[in-house]
Amino acid sequence: MAQFKCYVCKEDVRTGEKFTFTKKGSVHFDCFVSAKRKGIDSEKAEMLRTLSLILDSELSHLLNLLRINPEDDKSKEYERAKYKDIEKACGETTKKIEEL
Ligand SMILES: [Zn+2]
């Protein structure tokens, strides 16, 4: 995996860590959510809690898919297609959190 830096904590994002991409760049899941929590109106807190749990489970799903390592082309193709679906879902949830 290419090396990314988290724009919140300035540390490298390592393989196997949960992270996402925003307009500002790459960011750890935990850094993203806690930075967002600091600046949010109290009436949006429940939405942030819900969205962050959803994103957490989508990112776990993504990391689990990476561990499958399919050995033939048909399997690889299916795994890649699924990965793209979940990646898209992660992007949508990340955007929703950004917009809160
Ligand atoms: Zn970070």
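Here the structure is a predicted model, which is why all the values come from computation and not from measurement.

Calculation criteria
Residue positions are given per chain, counted from 1 along the sequence in the order it is written. A pLDDT threshold of at least 70 governs which residues receive local features in this predicted model, and a stricter bar of 80 or more applies before side-chain atom pairs are shown or counted, although totals over entire chains, interfaces and linings include all residues. As a rule, the C-alpha atoms of each element are fitted with a line to give its axis, helices using only the stretch in contact, and angles between N-to-C directions run from 0 to 180 degrees. Runs of E in the DSSP output that reach at least two residues are strands. Runs of H or I that reach at least four are helices, and both are numbered from the N terminus. Any angle between 65 and 115 degrees counts as roughly perpendicular, while under 35 counts as roughly parallel, over 145 as roughly antiparallel, and the rest as oblique. Whether two residues are in contact depends on their C-beta atoms, placed from the backbone: they are in contact if these lie within 7 Å. The nonpolar class holds Ala, Val, Leu, Ile, Met, Phe, Trp, Tyr, Cys and Pro. Asp, Glu, Lys and Arg form the charged class, and all remaining residues, Gly among them, are polar. What pLDDT conveys is the predictor's confidence in a given residue, as a value from 0 to 100. Crossing handedness: left-handed means the near helix sits turned counterclockwise from the far one by under a right angle, and right-handed means the same turn made clockwise. Helix span, expected: 1.5 Å multiplied by one less than the number of residues in the helix. Partly exposed residues are those whose C-beta has more than 12 but fewer than 20 other C-beta atoms within 10 Å; with 20 or more the residue is buried, with 12 or fewer it is exposed, and the C-beta atoms are placed from the backbone. The directions from the helix axis to the C-beta atoms form the arc being described.

Asker: What am I meant to see in the packing of helix H1 (residues 29–38) against helix H2 (residues 45–66) here?
Answerer: Axes are the key here: two packed helices are described by the angle between their axes and the distance separating the axes. Here H1 crosses H2 at 175 degrees, and the two axes come no closer than 11 Å. Classified by the angle their axes make, H1 and H2 are roughly antiparallel. Across the interface between the two elements, Phe-29, Val-33, Lys-36 and Arg-37 of H1 pack against Leu-48, Ser-52, Leu-55, Asp-56 and Leu-59 of H2. In terms of residue class, the contact of H1 with H2 is made up of five nonpolar, one polar and three charged.

Asker: Teacher, can you tell me more about the confidence of the model for the chain here?
Answerer: The predicted coordinates should not be examined in detail at positions where pLDDT is low. Mean pLDDT over the chain works out to 95, with 98% of the residues at or above the 70 mark. Within the chain, the lowest mean pLDDT, 92, falls on strand E1 (residues 4–5), and the highest, 97, falls on helix H3 (residues 73–99).

Asker: Which parts of the structure should I look at to understand the packing of H2 against H3?
Answerer: Contact pair H2 / H3: the axes reach a minimum separation of 9 Å and the direction vectors enclose 160 degrees. Between H2 and H3, the angle falls in the class roughly antiparallel. Judged by the sense of rotation from one axis to the other, the crossing of H2 with H3 is left-handed. Along the contact surface, H2 presents Leu-48, Leu-51, Ser-52, Ile-54, Leu-55, Glu-58, Leu-59, His-61, Leu-62 and Leu-65, while H3 presents Glu-79, Lys-82, Tyr-83, Ile-86, Glu-87, Ala-89, Cys-90, Thr-93, Thr-94, Lys-96 and Ile-97. Tallied by class, the residues present in the contact of H2 with H3 amount to 12 nonpolar, four polar and five charged.

Asker: What am I meant to see in H2 here?
Answerer: For an α-helix the count is 3.6 residues per turn, leaving residues at separations of three or four pointing the same way. With 22 residues, H2 should cover 32 Å at 1.5 Å per step; its first-to-last C-alpha distance of 31 Å lies within 8% of that length. Among the residues making up H2, those that are buried are Leu-51, Leu-55, Glu-58 and Leu-59. Each buried residue of H2 lies within a common arc of 100 degrees when the element is viewed along its axis, so the set occupies one face. Opposite the buried face of H2, by more than 90 degrees, sit the exposed residues Ala-45, Glu-46, Arg-49, Thr-50, Leu-53, Ser-57 and Asn-64. On its buried face, H2 is in contact with strand E3 (19–22), H1 and H3.

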